[in-house]
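Each chain is listed here by its residues.
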Amino acid sequence: MVMRRIFGRKKDDDEKDAKAESPTSEETPEEIEGETGEEAAEEAEDAPVEAGTIPYHTSLTDRFKYMFDDPDISAGLEGTDEFSLEFMAMGERFWFAKKAKGEVEFGMGAVPDEDVYIRIGNDAVGDLLGASTFSEFQEFYMKYYKNPEAGKFVKIELRKDVGGLNRRGYARVPLLKLLIGMTR
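Predicted model only: the values in this text are computed from it and were never measured. As a convention, each chain's residues are numbered from 1 in the sequence order in which they are written. Totals for whole chains, interfaces and linings use every residue, but because this is a predicted model, local features are given only for residues with pLDDT of at least 70 and side-chain atom pairs only at 80 or more, for both listing and counting. With hydrogens and water excluded, all non-hydrogen atoms of the structure serve as input to the side-chain values.

1. Quick look at the overall build of the chain
Reasoning step 1: A tally of regular secondary structure across the chain gives eight helices and five strands.
Reasoning step 2: Written out in order from the N terminus, the α and β elements of the chain read α-α-α-α-β-β-β-β-α-α-β-α-α.
Reasoning step 3: Whether two residues are in contact is decided by their heavy atoms, any of which lying within 4.5 Å being enough. The contacts in the chain between residues at least 6 apart in sequence include a share of 60% that link residues at least 24 apart.
Reasoning step 4: Using a 1.4 Å probe, accessible areas were evaluated by the Shrake-Rupley method; residue-level cover was limited to the displayed protein chains. Taken as a whole, the chain presents about 10800 Å² of accessible surface, with 51% of it coming from carbon and sulfur. Secondary structure follows DSSP: runs of H or I at least 4 residues long count as helices, runs of E at least 2 residues long count as strands, and numbering of each begins at the N terminus.

As structure tokens, this is what we get:
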């Protein structure tokens, strides 16, 4: 059911696909193509289109790469000064950083002089990866930040003062604002 929700499919769609894959001997190739083409059009109309849908990712680094590249999630990122974020999740350290007027870069391991250090519990990673929209991602992230549980937590350590981070643009970018815990 979760996979159907992520890909916008209904149970009926799976049955239609199974029927389309096993054509009867009475149908001609043209009929099959016409039928599947119509079904595809019906699926596109019936599929719920949710603005900001995030594709499936197998790792948190891939999820963050996608979000930093998404123009809606990282709106205003080009206007920020430099920043650096270090994460610890699933036993691995990784970072995202940006130089003034530069592109967002990422890497594995530690980053020197980070602005923020964020630890994410292993069980929380699964929920964050399963979020199908940025809104859902925000809900999980803030839930585990405000109400940590065993294995499901987000711990944010600001290494620089909040005023300085805001002057450098953190408050203007939805993703950065979320990552430092400023989203309510």
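2. Considerations on the side chain of K98
Reasoning step 1: Take K98: it is sitting in strand β2 (residues 92-98).
Reasoning step 2: For the buried K98, which has no salt bridge, the nearest side chain bearing the opposite charge is D81, at an N-O separation of 6.9 Å.
Reasoning step 3: Once residues lying within four places of it in the same chain are set aside, the contact partners of K98 are L77, E78, T80, D81, E82, F83, E103 and V104. Only protein chains enter the accessibility calculation, which uses a 1.4 Å probe; a residue is then buried when its area is under 20% of its type maximum, exposed when over 50%, and partly exposed in between. The charged-residue count follows a simple rule in which Lys and Arg add positive charge and Asp and Glu add negative charge, with His and chain termini not counted at all. Just to be clear on terms, a salt bridge is a Lys or Arg side-chain nitrogen sitting within 4 Å of an Asp or Glu carboxyl oxygen.

3. Some thoughts on the nonpolar core
Reasoning step 1: Counting 36 residues, the largest nonpolar core has F64, F68, I120 and Y141 as the members making the most contacts within it.
Reasoning step 2: Breaking this core down by element, the ones donating at least two residues are α4 (60-69), β1 (83-89), β2, β4 (116-120), α5 (122-130), α6 (134-146), β5 (154-158) and α8 (174-179).
Reasoning step 3: Of all the elements, α6 adds the most residues to this core, at five residues.
Reasoning step 4: Excluding anything up to four places from it in sequence, F64 contacts F87, F94, F96, F137 and L179. Definition of nonpolar core: a set of buried residues of the types Ala, Val, Leu, Ile, Met, Phe, Trp, Tyr and Cys, connected through side-chain atoms within 4.5 Å.

4. So, the confidence of the model for the chain
Reasoning step 1: Confidence scores per residue from the predictor, reported as pLDDT, run from 0 to 100. Put simply, the chain has an average pLDDT of 77, and 71% of its residues get 70 or more.
Reasoning step 2: The weakest mean pLDDT in the chain belongs to helix α3 (residues 29-46) at 38; the strongest belongs to β4 at 96.
Reasoning step 3: Low pLDDT, under 50, characterises residues 1-6; the stretch is placed with six contacts to residues that sit more than four places away or in other chains.

5. Considering the sheet that holds β4
Reasoning step 1: Paired strands, as defined in this entry, are two strands with at least two bridges between them according to DSSP. What the five strands build is an open sheet, ordered β3-β2-β1-β4-β5; its pairing is mixed. Across the chains shown, the open sheet's two edge strands, defined by having one partner strand only, are β3 (104-108) and β5. With strand direction ignored, the average angle separating the axes of adjacent strands in the sheet is 15 degrees.
Reasoning step 2: Sheet topology places β1 next to β4; five bridges connect them, and they run parallel. Axis geometry follows a simple rule: fit a line to the C-alpha atoms, using only the stretch in contact for helices, then measure angles between N-to-C directions, giving values from 0 to 180 degrees.

6. Here's the deal with the pairing of β1
Reasoning step 1: In terms of residue burial, β1 counts as a mostly covered element, since six of its seven residues are buried.
Reasoning step 2: Taking the residues that link successive antiparallel strands as the turn, the β1-β2 hairpin has two residues, and the phi of M90 there is positive, at about 55 degrees.

7. Some points on the packing of aromatic side chains
Reasoning step 1: Between the rings of Phe, Tyr and Trp (Trp by its six-membered ring), a pair exists once the centres lie within 6.5 Å; its type follows the angle of the planes, with under 30 degrees stacked, over 60 edge-to-face, and the other angles tilted. By the definition in use, this model includes 14 aromatic pairs.
Reasoning step 2: Ring geometry for F83 and Y170: centres 6.1 Å apart, planes at 70 degrees, overall edge-to-face. With F83 in strand β1 and Y170 in the loop between α7 (162-167) and α8, this pair connects stretches of sequence that are 87 residues apart. Assigned by exposure class, F83 and Y170 land together as buried.

8. Points about unusual backbone geometry
Reasoning step 1: Within the chain, M90 stands out as a residue other than glycine whose phi angle is a positive 55 degrees.
Reasoning step 2: On the secondary structure map, M90 appears in the loop between β1 and β2.
Reasoning step 3: Notably, K101 is not glycine yet its phi reads approximately 60 degrees, a positive angle.
Reasoning step 4: When you line up the elements, K101 lands in the loop between β2 and β3.
Reasoning step 5: Residue K101 is classed as exposed on the basis of its relative accessible area of 78%.

9. A closer look at the environment of L175
Reasoning step 1: Of note, L175 is situated in helix α8.
Reasoning step 2: Looking at L175, the relative accessible area reads 0%, which means it is buried.
Reasoning step 3: L175 sits 103 residues away from D72 along the chain, and the two C-alpha atoms are 9.3 Å apart.
Reasoning step 4: Apart from the residues within four sequence positions on either side, L175 is in contact with M67, F68, I73 and F134.

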